[in-house]
Amino acid sequence: RVAITAGDELFSQYTIDEIKHNYKKIQRDIEFKKRDLRAMVGERYRDLIETADTIQNMVTSVQSIQSTLSSLKTSCTLVSTQVNDKNDNSQEKFWSVASQMKLLVDTPEKIWNAMENHDYLLSGQLYLLSRHIVTNLQISSNASSELLLKYPVLRQQWASIAHFKPQILKACKEALRYIHLTEETFVDTVCTIILLDGSDLDVIVSDFLSDRALMTDCTPSLTTIQQLQECVDTVQNTLQLLYSTLFERNKIHSKIQELCNKISTVEVVSNAFTQEPSLTPIPRPLPHLVQSYHPTVTSSLHVHDLKGKCSDWIERVARVTHDNVTRALHYVTSVKSVVEYVAVYNTRSSAAWNELCETLLEKNVEIWGDLLASPVNDHIRKLIDSCLEKELGIVTSAITEYLQQEELYSSLDWNPTASDHQLELKTVAVSPGIDEICTSMNTRFDDIHTDVICYTGNQDRIRMKDGRSDVMCYQYLVDGSANLVSKLAQTIQDFQIENPGQIARALHLCRALTLRTPSLRHVLLFNQTSSGDVFAALTGAKAHFSASYNTWISQELSERLKDALAASPITFAVAWEDTVVVEEAESTAEVESKISLPIYCSTFVSTLLYALCDELYRMGAHGFDDGDIKSLIAGVHPAVVDVYRGALDCHPDFSQNMALQYWFDFKFLTSIIDLASNPAQNQTATK
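Residues numbered from 1 in each chain as written. Predicted model: local features only at pLDDT ≥ 70, side-chain atom pairs only at ≥ 80, totals over all residues. Heavy atoms only, no water.

Caption draft 1: Quick peek at the overall build of the protein. Tallying secondary structure elements over the protein gives 28 helices and two strands in all. Contacts in the protein between residues far apart in sequence, at least 24 positions, make up 77% of those at least 6 positions apart. (Helix = DSSP H or I, 4+ residues; strand = E, 2+ residues; numbered from the N terminus. Contact = heavy atoms within 4.5 Å.)

Caption draft 2: Local environment of helix α13 (residues 306–328). Taking 1.5 Å as the rise per residue, α13 with 23 residues should run 33 Å; its terminal C-alpha atoms sit 31 Å apart, in good agreement. Along α13, the residues that are buried comprise L306, G308, K309, C310, S311, W313, I314, V317, T321, N324, V325 and A328. (Expected span 1.5 Å × (residues − 1). Buried < 20%, exposed > 50% of the residue type's maximum accessible area, 1.4 Å probe, protein only.)

Caption draft 3: Local environment of the packing of helix α18 (residues 432–456) against helix α21 (residues 500–515). Interaxial distance between α18 and α21 falls to 10 Å at its minimum, and their mutual angle equals 30°. By the angle class used here, α18 and α21 are roughly parallel. Like other packed secondary-structure pairs, α18 and α21 cross with a definite hand, here right-handed. Along its contact with α18, which presents I434, I437, C438 and M441, the element α21 presents R505, H508, L509, A512 and L513. The residue makeup of the contact of α18 with α21, split by class, is seven nonpolar, one polar and one charged. (Axes fitted to C-alpha atoms, helices over the stretch in contact; angles between N-to-C directions. Parallel < 35°, antiparallel > 145°, perpendicular 65-115°, else oblique. Left-handed = near helix turned anticlockwise from the far one by under 90°. Nonpolar A, V, L, I, M, F, W, Y, C, P; charged D, E, K, R; others polar.)

Caption draft 4: Expanded view of unusual backbone geometry. Positive phi is not limited to glycine here, since H118 has a value of about 60°. Even without glycine at this site, D305 takes up a positive phi of about 55°. Among the structural elements, D305 can be located in the loop between α12 (288–291) and α13. For D305, a relative accessible area of 45% corresponds to the partly exposed category.

Caption draft 5: Highlighting a positive patch on the surface. On the surface, K20, K24, K25 and R28 cluster together to form a positively charged patch. By the element assignment, K25 lies in helix α2 (residues 16–116). (Patch = residues over 30% accessible without salt bridge, like charges linked within 9 Å, V, L, I, M, F, W, Y side chains within 5 Å. Areas by Shrake-Rupley, 256 points an atom, 1.4 Å probe, with all protein chains shown as cover. Salt bridge = Lys/Arg side-chain N within 4 Å of Asp/Glu carboxyl O. Lys, Arg positive; Asp, Glu negative; His and termini not counted. Charge placed at Lys NZ, Arg CZ, Asp CG, Glu CD.)

Caption draft 6: Structural context of the nonpolar core. Counting residues in hydrophobic clusters, the biggest one holds 158 residues, and the most contacted among them are L239 and Y644. The leading source of residues in this core is helix α16 (residues 367–403), at 15 residues. With near-sequence residues (within four places) excluded, L239 lies in contact with C310, W313, I314, W353, L356, L360 and L361. (Core = buried A, V, L, I, M, F, W, Y, C linked by side-chain atoms within 4.5 Å.)

Caption draft 7: Geometry of the packing of aromatic side chains. The full count for this structure, using the stated rule, is eight aromatic pairs. An angle of 70° between the planes, with centres 5.1 Å apart, marks the rings of Y474 and F526 as edge-to-face. On the criterion of sequence distance, the pair formed by Y474 in helix α20 (residues 469–494) and F526 in the loop between α22 (518–524) and α23 (536–566) is long-range, its members being 52 residues apart. Considered together, Y474 and F526 belong to a single accessibility category, that of buried residues. Centroid distance Y549 to W552: 5.6 Å. Interplanar angle 45°. Geometry classified as tilted. Pair noted here: Y549 and W552 are both in helix α23, with a separation of three residues, about one helical turn. The class of Y549 is buried, set by a relative accessible area of 0%. Taken together through their ring pairs, the aromatic side chains of Y644, W663 and F666 make up a single cluster. (Phe/Tyr/Trp six-rings, centres within 6.5 Å; stacked < 30°, edge-to-face > 60°.)

Caption draft 8: Representation of the side chain of T514 within the structure. Following the sequence through the fold, T514 ends up in helix α21. Accessibility expressed as a relative area gives 10% for T514, which makes it buried. Among the polar contacts made by the side chain of T514, one reaches the main-chain carbonyl oxygen of R511 at a distance of 2.6 Å. If we ignore the near neighbours within four places in the chain, the residues touching T514 are R521, F535 and L538. (Polar contact = N/O pair within 3.5 Å; in protein donor to acceptor, adjacent residues only side chain to side chain.)

Caption draft 9: Spatial organisation of the packing of helix α6 (residues 164–176) against helix α7 (residues 183–197). Running from N to C, α6 and α7 point in directions that differ by 150°, and their axes come no closer than 10 Å. Between α6 and α7, the interaxial angle falls into the category roughly antiparallel. Both α6 and α7 take part in a crossing whose hand is left-handed. When α6 is examined against α7, the residues K165, I168, L169, C172, A175 and L176 are found in contact with a partner set consisting of F186, T189, V190, T192, I193, L196 and D197. Considered class by class, the residues forming the contact of α6 with α7 number nine nonpolar, two polar and two charged.

Caption draft 10: Structural view of a nonpolar patch on the surface. On the surface, a nonpolar cluster with roughly 270 Å² of combined accessible area is contributed by L37, M40 and V41. Locating M40 in the fold gives a position in helix α2.

Caption draft 11: Quick peek at the environment of P166. Inspection of the secondary structure puts P166 in helix α6. In the structure, P166 is positioned 30 residues away from L196 in sequence and 9.1 Å away in space, judged by C-alpha atoms.

Take a look at the structure:
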C-alpha cells in the first residue's frame, strides 16, 4: 500500500503511471469500504436504536443524580455549620481551662519573685487569685472528678501553691519588725495580713506594738552606738507610722476598699508583671469570673483606743529600754565613752516630734529624758561606784602597808644630793611613803573627776542646772567621795597600833590626806556654802591619834621624871650662885647675909626637855599647825605637875637646898611648857 504523503513528494518518488495506478487502487478500496459499511449498518440498526435509548436513560439518571447531589450539599452545609458551632464552644472552654492551668503553673515562680522583691501584697494577691481559680474550676465543672482525672496537675499545682500562705504571713510579720519601715510598706503589709489571715486591724496593731516593744531589745552583735540608735529609731518609726497611717487618716481602710471594690486582682497582677520583663505575662483568655475577681474582707478595719494603746506601749518601751540600754553600756568603762555614745541624743526634740507626741500620746515624750537618761545615769553611777571602790581598795592596801613599815622622818635630813622635792617633803614633814599615797590618790581622783565632768560639766555649770539628772550624778560623786573619806578614816583608826611610831605615821597620814589631795577637796567642797571642814572624818581620826600620842609621850616623860626625882636633885645640880641679901634691922641698920641659889636647872631636866624636843622632831611635829603643837605639848603639863606633886608626897621632909632645886626645876619646866602651849590652861595646875 502506498502511503499518502505530500503531493510534491509523490511526484518526486513515483512516476505518473505509478501515481495513476495507485489512485485507482485507492478508489477501489473506498468503494469496498462503503459497501462494507452499508452492510454493517443494516445488520446493527437494532443495536443502534437500543444504544440511543440507553443514552437517553443515562441523561435522565444524570439529571436525577445532580438533583440529589445538590440536596446532599445543602444538607451537608447545614450539618457542617452546626458541628462548627459545637467545636467552637468546646475549643473556647478548652482554652479557658488551659489558660487558668497555665496561670496556676506559673504562679509559684511569680510568688517567689514577688517575695524576693519584698512585695508581699502582690504575692498575697497571687495566692488569693490562685485559690479563686482552683475553686472556680472545681465548681464550674459538673464533673469535677472528670476534670481532675483529665487534668491531674490541678491537684498537684494547688498543693504547691497552698503552702505559700503561712510563708507570706511569716514574711509580713518579719517585715513589720524592720526598724526603718516606710509608710507604704507598712500599709501594704498590714493589708496583706488582713486579706490572707482575716485578722482584725485592732489585733494586728496590738501585735505590732508588742513586737516593736521587744525590738528595743538590743542586738548583741551590734556596737554600742548601733544598739542605742536601734532603740531610738524603733520608738520614733513606730509612733510615726501609727500617726500617719491610722491617726490622721485610716490609710489601711482606704487601701482595703480600693483592693476589694475598684481594681480587680487580675488587673493589678497583670500590671505588676507587665512592668517586670523577666516574668511571663498572664495568659489569655481568662473567664470573666476570674477577670472580675475581687477579694472580700469581713474583719474589722478600725482600731479601738489607739491613744491608749500607744501610751501603754511607750511606758512598756521605757521599762524595756532601761534594761536593754543598761546591757548595751555594760562594757563601757568610762563616763567619757558614755558621753560620746549618747551625746547625739542629749538634745531637745524637734517641733514635729513634740507635736506628734502631744497629739498621739497627749504628753511630751523626750527620747533622752524619758527613755535614755535613767539607764545612762544608772550606768554612770555604777562607774562612779566602781572607781571609788577600786580607789578605796588601792588606798586602803597602801595605808595598811605603810603603817606596818618603820620609817623615821629624821632620815630625811638635808644632804647635798637631795632633790627639791625631797627638801620640800622634809620641810612640810611628809614622808616619801605618805607622799606616794597622797600623790597617786590625787592623780587617780583627778582622773575620776575629769571623767565625770565630761557628762556633768564643771561645778559652776552644774549649779546653774539644779535638778537635772547630770547634777544628780555629780552629787552622787560628791556623796561617794565623802563616804570614801569616812571609810579611809575608819580604816586608819581600826589599824592595830603597836608602837608610837605607828601612831605618828597615822597622825601624819590623816593630816597629809586633808592637805595633799586637792582634787578630792575640790569635789567635797561642792556641798559647802562656806569653808567648812570637808575632811571632818579625817580630822576626827587625826584628833584621835593626837590624843593617843599625847598619852604615850606624857607617860614616857612621867616615867623618866619619876626616875630622876627618885634620886636627890642635888646630884644633878649644875650651878649655884651666892646671893647677898640686905635686910633692914630694927635698929635701922642693914644686915647682910649670903644665900646659895640654883641658877640653872638640873641636868636631868635639860636632858628631859631635849628628849622631848628630839621626839617631836623625830615624829615631824614641825610640819604641824601651831594649834596641833600647842595641844600636843599642853598634854605634857599635867603629867609634870602630877609627878612633882607625887614627889612632894613621897618626900615630906626636904632640906633647904633640895627644896630650892626642886622649885627651880619645876618652874623651869613649867615655864618652858607654858611658852609652847597655852599658859591660861596651865595656870591653875601650876598653882
